[in-house]
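# Overview (structure and organization)
Each chain, written out:
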Amino acid sequence: MEITAKTAQQLRLTEEEFELIKQKLGRTPNFNELCAFSGMWSEHCSYKNSIKWLKTLPREGGRMLVKAGEENAGLMDIGDGLGVVFKIESHNHPSAIEPFQGAATGVGGIHRDIFTMGARPIASLNSLRFGKLEEDKTQHLLSGVVHGIGHYGNCFGVPTVGGEIYFDESYHTNPLVNAMSVGIVKNGETVSATALGKGNPVMFVGSATGKDGIGGASFASADITAESAQDLPAVQVGDPFQEKKLLEACLEVIQTGAVVGMQDMGAAGIICSTAEMSAKGGVGMRIDLDKVPTRQSEMKTWELLLSESQERMLLVAEKGREEEVKRVFEKWDLPCSVIGEVTEDGMLDFYMNGELDASLPANELVLGGGAPQYDREYREPKYLAEIAKFKPESVAVPEDLKAIAEKIIALPSIASKRWIYTQYDSMVGTVNTSTNTPTDAAVVAVKGTTKGLAVTTDCNSRYVFADPYKGTMIAVSEAARNIVCSGGLPLGVTNCLNFGNPYDPEVYYQFVNAIKGMGEACRRFDTPVTGGNVSFYNQNPDGPVNPTPTIGMVGLLEDIREKMTLDFKEEGDIIYVLGNITDDINSSEYLHRVQGVKYSPAPHFELEEEYALQQQLASLIKSKLVRSVHDVSEGGVYVTLCESGFNRELGFSVSTKGGIRKDAFLYGEGQSRAIVTVALANVQAFEAALNIPFEKIGVVSSGEIAVDGDFWGTIDWWKDTYDTAIENYLAKEDAGSALTAI
Amino acid sequence: MKFGVVVFPGSNCDRDMFDALKHDLGQDVTMLWHKDRDLSKFTTEDCIVLPGGFSYGDYLRCGAIARFSPMMQSVIEFANKGGKVFGVCNGFQILCESGLLPGALLRNANQQFVCKNVFIKNSSEEVFKIPVAHGEGRYYADEQTLNELEANGQVIFRYCDENGQFTKDSNPNGATRNIAGITNAQRNVFGMMPHPERACSDILGNTDGRQIIETLLMAKQLVH
């Protein structure tokens, strides 16, 4: 087979990249080698179109124990000799094709990133985006994704403690499935994804390798599949039971002290794990691919190199201690074989039945080594001019504000996600304290200590679409705000950057400005970006998805008993809005979904106002002057008040503020605000402690809701409407009536 | 008394049970490996716990493989000698599969996994808030068995609402006669779908599970 630029193109490498490969090798690569480059230089593995901008993010400092990108996940110090390991990753493309397995393997993959570092995962979160809920396709994708996440996470035994879901037509063809895992590790027991020591054995553990997921990271070339593997499933298949055993075995094998380095096999399978571990250690490897356990006969070299079969690990052990390692995996009934050894020359030599089938310099394959890095051009998108034209005066304040509220509380992006989260085991592990006492960010206990972690995922992509720079600052701010509202100190960020095609200058503009906004906000909150994932090409002939830079954030509570909850506590408590109440309906769910205005600017946001609010909230919580704290987000003040009332079925009587549109007061999404309640006896001390704008808006009631003196029903009715809205959409016979209500 | 918690491959509530017994209830607990058989350290005063999870992946039928594990053979012997055995969730499924308890746990009526707080009531009319988390928790037995269970007072928990009423809505999985937990005729083997170990710690904001474990398993010791 002659290897030409055309072959390279079929493998999604450009002509220039093919020339670069020839230059680096000093010869024309064979097909196996070209496949290796195709996987490793894919967007997914090489970050070739994003790394330049990612490097501008704050990527060290604070409590970070490893620099961003150095290991499989971020690692931060939380004291008591412990570290928190966390990361978020996308599984968008597989989930679009096969939602159940796509989502399931997304969950499996992110947990592996955590335990390959020696940490035990204790919490998982997700961030999901779908098209409009009334569409059959959305319902199919939603039910498959939820089932997949539940199937994997419930069996693996890590609680799903939080997440977010939005429904917007931009995700109709390209749903987003981002999964995050958070784990705990003892200092000194972390394992690095580094290969070291000439002659040390390279071991392959976990499931046997099959032809599933080949090219998942890089190419889905019709020519390749037509020629070689017509029936390959494009999507990997997950086995959570196998992964659960792999978790226990990996944590146990680390205790032997015989492990030099370990890396999970995710995208680009064996080639990626061998290349990255070797490059990092400045070594090479000699691998006998015929020793890799396979579940299909006659797998070819390139298939073995690229297979993305799940639940596999590459492990480098100390020479002479192979048996200790094998004993642990035998105990857990997991295959474990020595497939090669570490060499000194920096070359990856892959043998098949004694024949050298591929010989590649490890460093040339990887990000930071030989992988290309590109500057992409970008240009302000035309739609931004449309957005700038919006005049709020063009929208009249509705007469019947209660009827509007009834629509808003049932909007799919706002209503309770009960139908979804009850399908996830949220309590296994006995660390999730937010089940019985709700909080803005999920608060999980760190067993054996008094500490807690506050964890959250956030991104309102409509704001990012309207203003990529400001919208991404809002995403970071909301994550930090949720943590602060729960009594935590924000520590660090992991990001999942979901965008369209980076070769489209307008999409790239969104990406560049999102990164700039993220960097600025993260620097202000002292929350470095510890790692994450870039997912480009979330695009179809109708266009790209809304730019969605999902923020996963972890915060720390030194004493978990000091956590703050979001629910109203008692009738008679006084309700305040902290922060500026702005005359702003921009980009709100209300404006978009109820008024039908597609283009409007991002809502009011000033980074310094946000910072001041968070500082104020933290000190109020510490001085115990507030009884509940809930940040104002989608749906505005009214939805926030309802959410605070639901847990104890308490209502509220509030007054709107003069000089502000009533719809803006109730449903506007101007940023940097929180609803807090204060016991009557503490009102004076509370107001004296405030050094940011605030407004006393009302009082907690036993259940009735009143707005400007008008009776709006009782909290149980609003709760029932909120709880059942999504279920009503999904119950087919009710779909019609729900649809006409919106 | 001592507790032993059996660890099957795929058990995932084993550590939660261990933590609840050890740290929240101050009990003496050890972990037991599914490939071992030795229960010689345990007397009939002690209790063996089968925890929740997905033993052996539960790919065939929940608990169907676990019943054949070496440790289960010893647990069955132990139970037959009068030793206490307590199965929660997957543990309850294993007890039914192994014949230590009558009936079976079927796929939830709505075909979905469910995880949430539910209320259950014991024969003393006490109501507890306890979480469930299962896909196959719908208790089923034939009419005759059910009548016998009720006649002998072997139904130890039923799903109810907050006020103790046995309503359809309060039944999370469609279990026959709202049954959430049962015991055998000898009253030394107990199985329940809800997870009391998830409601034992102050920090989780629910300690109803402590009383369940104490009254069910430690009553004898409390009397002493």
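Numbers given to residues run from 1 along each chain, matching the order in which its sequence is written. By the order in which they are written, chains take letters starting at A while ligands take numbers starting at 1. Local features in a predicted model are, by the rule used here, given only for residues with pLDDT of at least 70; side-chain atom pairs are given and counted only at 80 or more, and totals for whole chains, interfaces and linings are based on all residues. The side-chain numbers reported here are obtained from all heavy atoms of the structure, hydrogens and water having been left aside.

Residue and element names in this part refer to chain B. For two strands to be treated as a pair, DSSP must find no fewer than two bridges joining them. A helix here means a DSSP run of H or I that spans at least four residues, while a strand means a run of E at least two residues long, and both kinds are numbered starting from the N terminus. Bridging between strand β1 (residues 2–7) and strand β2 (residues 28–33) involves 6 bridges; their strand directions are parallel. Within the sheet, the bridge partner assigned to V6 lies in β2 and is L32. Every crossover in which the path from the first strand over the helix to the second runs clockwise, viewed with the strands pointing away from the viewer, is termed right-handed. Crossover β1 to β2 through helix α1 (residues 14–24) is right-handed.

Before going further, it helps to examine the sheet that holds strand β20 (residues 574–578) of chain A. Residue and element names in this part refer to chain A. Strand order in the open sheet formed by 7 strands is β21-β23-β20-β24-β22-β25-β26, and the pairing between neighbours is mixed. Among the strands making up the open sheet, the edge pair consists of β21 (628–631) and β26 (710–714). Across the sheet, the mean angle from the axis of one strand to that of its neighbour is 25°, orientation sign disregarded. By the bridge criterion, 5 bridges tie β20 to strand β23 (residues 674–678) in an arrangement that is antiparallel. Bridge pairing in β23 places L578 opposite A674. Fitted lines through C-alpha atoms serve as axes, helices being fitted only where they are in contact, and the angles separating the N-to-C directions of these axes extend from 0 to 180 degrees.

A few words now on the packing of aromatic side chains. Residues and elements named next belong to chain A. Any two of the Phe, Tyr and Trp rings considered here, Trp counted by its six-membered ring, make a pair once their centres fall within 6.5 Å; the pair's planes then place it as stacked at under 30 degrees, edge-to-face at over 60, or tilted in between. Under the defined criterion, the tally for this structure stands at 28 aromatic pairs over all chains. Summarising the aromatic geometry, the rings of Y590 and Y667 are spaced 5.5 Å apart at their centres and angled 45° between planes, so their arrangement reads as tilted. Of this pair, Y590 sits in helix α21 (residues 589–594) while Y667 is found in helix α24 (residues 662–667), placing the two residues 77 residues apart along the sequence. Exposure is judged per residue with a 1.4 Å probe applied to protein chains only, and the accessible area is read against the type maximum: over 50% gives exposed, under 20% gives buried, and values in between give partly exposed. On the basis of relative accessible area, Y590 is assigned to the buried category, the value being 1%. The exposure class assigned to Y667 is buried, which follows from its relative accessible area of 0%. Among the aromatic side chains, those forming a connected cluster through ring pairs are F568, Y590, Y638, F652, Y667, W712, W717 and W718.

Tracing the sequence through the fold places N178(B) in the loop between β9 (155–160) and β10 (179–183). You can call N178(B) buried: its relative accessible area is 11%.

With that settled, the discussion passes to the UniProt feature "binding site: ATP" (unreviewed entry) in chain A. All names here are of chain A. With numbering aligned to this structure, UniProt lists the feature "binding site: ATP" (unreviewed entry) at Y47, K87, N495 and G532. Relative to the elements of secondary structure, Y47 occurs in the loop between α4 (43–46) and α5 (51–54). Mapped onto the elements, K87 comes out in strand β2 (residues 82–90). Owing to a relative accessible area of 11%, K87 belongs among the buried residues under this scheme. The contact criterion used is simple: two residues touch if any of their non-hydrogen atoms lie within 4.5 Å. Look past the residues within four positions of K87 in its chain and what remains in contact with it is N72, A73, I110, D113, I114, A179, M180, S181, T494 and G532. Here E89 takes part through its side chain, which lies 3.3 Å from a polar atom of the side chain of K87. UniProt positions are given in the numbering used here, feature names are shortened, and annotations may be inferred rather than shown by experiment. Here a polar contact means two N or O atoms within 3.5 Å. Within protein one must be a hydrogen donor candidate and the other an acceptor candidate, and residues neighboring in sequence count only if both atoms are side-chain atoms.

Taken together, the contacts link 29 residues of chain B with 33 residues of chain A. Take a side-chain nitrogen of Lys or Arg and a carboxyl oxygen of Asp or Glu: if they are within 4 Å of each other, that pair is a salt bridge. Viewed at the interface, chain A and chain B are joined by 5 salt bridges. As a salt-bridge pair, K447(A) and D16(B) come within 3.9 Å of each other at their nearest N and O atoms. The interface formed by chain B and chain A holds 11 residue pairs in polar contact (both at pLDDT 80 or more) in total.

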